[in-house]
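Chain by chain, the residues run as shown.
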Amino acid sequence: MSHGSPSSFKNPVINWIDTRLPIFTMLQKEYGTFPTPKNFNYLWSFGGIAMVMLTTMILTGIFLAMYYTPSTGHAFDSVERIMRDVNYGWLIRYIHMNGASLFFIAVYVHIFRGVYYGSYKAPRELLWILGVVILLLMMATAFMGYVLPWGQMSFWGATVITNLFSAIPVVGDKIVTWLWGGFSVDNPTLNRFFALHYLLPFVIFAVVFLHVAALHVSGSNNPTGIEPQTDKDTVPFHPYYTAKDCFALVLFLIFYALIVFYAPNALGDPDNYIPANPMVTPAHIVPEWYFLPFYAILRSFVWDIHIPFTSVVLISSKLGGVLLMFGSIVMLLLLPWLDRSKVRSAVFRPIYKKVFWLFVLDCLILGYIGGKPPEAPYVMIGQFATAFYFAFFLILSPLLPKYEKILPLPKSISEAVLKKS
Amino acid sequence: MAETPSPHAASDCCHDEERRDFLALTAGAMAGVGACCAAYPLIQSMNPAADVLALASTEVDLSQVKEGQSLTVVWRGKPVFIRRRTQAEINEARTAPMSDLKDPQKDEDRVKQSAFGGKDMPEWLVMVGVCTHLGCVPLGQKPTDPHGEFDGWFCPCHGSQYDSSGRIRKGPAPKNLEVPPYQFTDANHIKIG
Ligand code: FES
């Protein structure tokens, strides 16, 4: 930003505004000429895609809120009315409902990208932590959104998840009553979930802003994990990456549209088209697919830990499961310090590369187990998968760098790019 | 200020600085207390409202329930299981060794002893029908339901099994099914809550 110096945009109106409030200079600097490593692959498009998804969710959500009634007596019917009577209500709702899934797909790819290329390492730790905060907020928002249609899965999902807090010693039950505003999930709960479901996306938006601001301080990581050194290593963000990201976005939106138009209910649970009934639990409660790995971790803890030589339970299996589940997110927060490798990108870490793909496989297994009933052999598999999940963060990340032989690093991004071609 | 020449410049500055720190600290503390006071009514508003609390008791007529039958009623938005137990179920519950129980409690303590007119009511078992694990409604109220290995209730969510006294015997739930506060108003009626 040039202090006091007159802006030099051709359009006089833009010029007039920019001399008083230099937003156009800022945009030009951050999204126009912003120097960006020239070797991005398409995995780097998922941050922008996630941003588009967030916008889509907020936009469709605002319109759905115009027709939705947050009351236990009317919520289910108002959603059905949106589907049948409101003009294009079916379209807006299917975009919103499946948008949640697509948003999570984009964000999960974005996260795995970061893990593979070591994007969380110094100086980008805070950027990464803000990202994990966004993930947590997304989870809370998605969970509360799923409660709003007030179907069977809405009700019982809400019951099971809010009951997690009763595992907290001493004050647990008080907290659950406070969350519910009553003695079970009921009208007060639905009302506050609606209020918060409307609020949180804007909070996410604010944190995304900080996330991007932090990104523009450190600059983007890139597939080599080597910082750009000269102008030869970078290209201006526009038009190079605006074009590349747009192409990726179009492909992503085609995939999104296929789901919305051809399989709008494929990712949901049919039980949620049965109105909520507090007296009957569905035979098989499962969360939405994007929560399944965490659900599997929650259920993998089945022991009571006693104070040695007594029968006093120190950590009940219920509390243990909850701690593990939150612990799985804490691992992500700590990852910048758990991983001791000086080299960022898995491209130059032959063992880590394999371990990374095992980790991805492990998350998929956890997701599969989370959708299965808690019986043999699923419980056992889930326990091993949980153990590996934590081992990845607590054992492999800190210890691997001690034993791993790093492949020769290129001197600069442009050297790496030229060698390949 | 700093530029003003003063014979005691050095001592003044440090003295001042301490005072400023103190002022900043007290002001900060007061603001913190103020913020907490402002937050309190907002947080408190999320606890059960007066009308929700007012709905907190339910009367139940037991005269239609025969031995071996169950009844489910709603209390505070939750199902309450009422079961008129058979003698066999009572015996089973009373002979279970305490060492087998995860949350040890005598069957006698889970039913009304010397209730209406000083009579024991071992056949009437009244419990909140909410699994103490994560809040599902266990199966076992209907004769055709699964009852688990202990002739009681079975939670389909994560497989907790409760015995004929509603005590947790197997599975992830940490506690026995809760016995709500209730009284016999006469031989055939109870008031829950
Ligand atoms: S809720 Fe009953 S076993 Fe988990």
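Residues numbered from 1 in each chain as written. Chains lettered and ligands numbered in written order. Predicted model: local features only at pLDDT ≥ 70, side-chain atom pairs only at ≥ 80, totals over all residues. Heavy atoms only, no water.

J.: How should the sheet that holds strand E5 (residues 153-154) of chain B be read in this particular structure?
T.: Within a sheet, neighbouring strands are paired by backbone hydrogen bonds and run either parallel or antiparallel to one another. Residues and elements named next belong to chain B. One open sheet holds the three strands; their spatial order is E5-E6-E7, and the pairing between them is antiparallel. Both outer strands of the open sheet, E5 and strand E7 (168-170), are each paired with one neighbouring strand and no more. Bridge analysis of E5 against strand E6 (residues 161-162) gives two bridges, and the strand direction is antiparallel. Paired with Phe-154 across the bridge in E6 is Gln-161. (Pairing = 2+ DSSP bridges. Helix = DSSP H or I, 4+ residues; strand = E, 2+ residues; numbered from the N terminus.)

J.: Help me understand the interface of chain B and chain A in this model?
T.: For an interface, size is often stated in terms of accessible area lost upon the parts coming together. Each partner contributes residues to the interface: chain B has 25 residues there, and chain A has 26 residues. Across the chain B to chain A interface the summed buried area is about 2,200 Å²; carbon plus sulfur atoms make up 66%. Together, Met46(B), Leu134(B) and His158(B) form the three largest contributors to the area buried by chain B at its contact with chain A, with a combined 28%. Taken together, chain B and chain A are joined by zero salt bridges. Linking chain B with chain A are nine residue pairs in polar contact (both at pLDDT 80 or more), by the criterion used here. Elements with a minimum of two residues in the side of chain B that touches chain A: helix H2 (50-54), strand E2 (70-75) and strand E3 (78-84) of chain B. In terms of residue class, the side of chain B that touches chain A is built from 15 nonpolar, seven polar and three charged. (Contact = heavy atoms within 4.5 Å. Buried area = accessible area lost by both parts, 1.4 Å probe. Salt bridge = Lys/Arg side-chain N within 4 Å of Asp/Glu carboxyl O. Polar contact = N/O pair within 3.5 Å; in protein donor to acceptor, adjacent residues only side chain to side chain. Nonpolar A, V, L, I, M, F, W, Y, C, P; charged D, E, K, R; others polar.)

J.: Would you explain the sheet that holds strand E1 (residues 58-61) of chain B in this entry?
T.: All names here are of chain B. On the basis of which strands lie adjacent, the open sheet formed by three strands has the order E1-E9-E8 and antiparallel pairing. Sheet topology places E1 and strand E8 (182-186) at the edges, where each strand pairs with a single neighbour. Going across the sheet, the axis of each strand differs from the next one's by a mean of 25 degrees, ignoring polarity. Note that E1 and strand E9 (residues 189-192) share four bridges and pair antiparallel. Bridge assignment links Glu-59 to a residue of E9, and that residue is Lys-191. (Axes fitted to C-alpha atoms, helices over the stretch in contact; angles between N-to-C directions.)

J.: Before we go on, may I ask you to explain the side chain of Gln141(B) in this structure?
T.: All names here are of chain B. With respect to the element layout, Gln-141 can be found in the loop between strand E4 (124-128) and E5. Taking relative accessible area as the criterion, Gln-141 reaches 13% and is therefore assigned buried. At 3.1 Å, the side chain of Gln-141 forms a polar contact with the backbone oxygen of Leu-71. (Buried < 20%, exposed > 50% of the residue type's maximum accessible area, 1.4 Å probe, protein only.)

J.: I'm lost on the state of the cysteines in this one. Help?
T.: By definition, a disulfide links the sulfur atoms of two cysteine residues through a covalent bond. Residue and element names in this part refer to chain B. Per the stated rule, a full pass over the model turns up one disulfide over all chains. One disulfide in the model links Cys-136 with Cys-157; its S-S distance is 2.0 Å. Taking the sign of the torsion about the S-S bond as the criterion, the disulfide between Cys-136 and Cys-157, at about -100 degrees, is left-handed. Pair noted here: Cys-136 is in the loop between E4 and E5 and Cys-157 is in the loop between E5 and E6, with a separation of 21 residues, a long-range link. (Disulfide = S-S within 2.5 Å.)

J.: I would appreciate a short explanation of the pairing of E2(B) in the present structure.
T.: Within a regular strand, side chains alternate between the sheet's two faces. All names here are of chain B. Here six bridges tie E2 to E3, and the two strands are oriented antiparallel to one another. When the sheet's bridge partners are listed, Val-74 is paired in E3 with Pro-79. Between the end of E2 and the start of E3, which pair antiparallel, lie two residues, with Arg-76 showing a positive phi angle near 50 degrees.

J.: What exactly am I supposed to notice about the side chain of Ser164(B) here?
T.: Residue and element names in this part refer to chain B. With respect to the helices, strands and loops of the structure, Ser-164 is situated in the loop between E6 and E7. Overall, Ser-164 belongs to the buried group, its relative accessible area being 2%. Only 3.0 Å separates the side chain of Ser-164 from the backbone oxygen of Glu-89, close enough to count as a polar contact. In contact with Ser-164, not counting residues within four places along its chain, are Arg-85, Glu-89, Glu-92, Ala-93, Leu-125, Phe-150, Asp-151, Gly-152 and Trp-153.

J.: Is there a simple way to explain the nonpolar core in this structure?
T.: Note on soluble globular proteins: their nonpolar side chains tend to be buried together. Counting 116 residues, the largest nonpolar core has Leu135(A), Tyr389(A) and Phe393(A) as its most contacted members. The leading source of residues in this core is helix H6 (residues 125-147) of chain A, at 13 residues. Filtering out sequence-adjacent residues up to four positions away, Phe393(A) remains in contact with Met331(A), Leu332(A), Leu335(A), Leu338(A), Phe359(A) and Pro398(A). Membership of the second largest hydrophobic core comes to 15 residues, among which are Leu62(B), Val65(B), Trp75(B) and Ile82(B). (Core = buried A, V, L, I, M, F, W, Y, C linked by side-chain atoms within 4.5 Å.)

J.: I tried to follow the packing of aromatic side chains on my own but got confused; where do I start?
T.: To describe a pair of aromatic rings, you give the distance between the ring centres and the angle between the ring planes. One pass over the structure, following the stated rule, counts 37 aromatic pairs over all chains. Relative to Phe252(A), the ring of Phe46(A) has its centre 6.2 Å away and its plane inclined at 85 degrees; by these criteria the two rings are edge-to-face. You can see Phe46(A) sitting in helix H3 (residues 46-67) and its partner Phe252(A) sitting in helix H10 (residues 237-262), a full 206 residues away along the chain. By the burial criterion, Phe46(A) is buried, and Phe252(A) matches it. The side chain of Arg349(A) reaches across the aromatic face of Tyr352(A), ending 4.2 Å from its centre. Its end group placed over the ring of Phe183(A), Arg76(B) keeps NZ or CZ at 3.7 Å from the ring centre. (Phe/Tyr/Trp six-rings, centres within 6.5 Å; stacked < 30°, edge-to-face > 60°. Lys NZ or Arg CZ within 6 Å of the ring centre and 35° of its normal.)

J.: I keep staring at the pattern of salt bridges and nothing clicks. Help me out?
T.: Two side chains with opposite charge may pair up if their charged atoms get near one another. Residues and elements named next belong to chain A. Throughout the structure, instances matching the rule amount to 14 salt bridges over all chains. Ionic pairing is found between Glu-30 and Lys-29, a salt bridge with its closest N-O pair at 3.5 Å. Note on Glu-30: relative accessible area 17%, which makes it buried. Overlapping salt bridges bring together Lys-121, Asp-339, Arg-349 and Glu-404 as one network.

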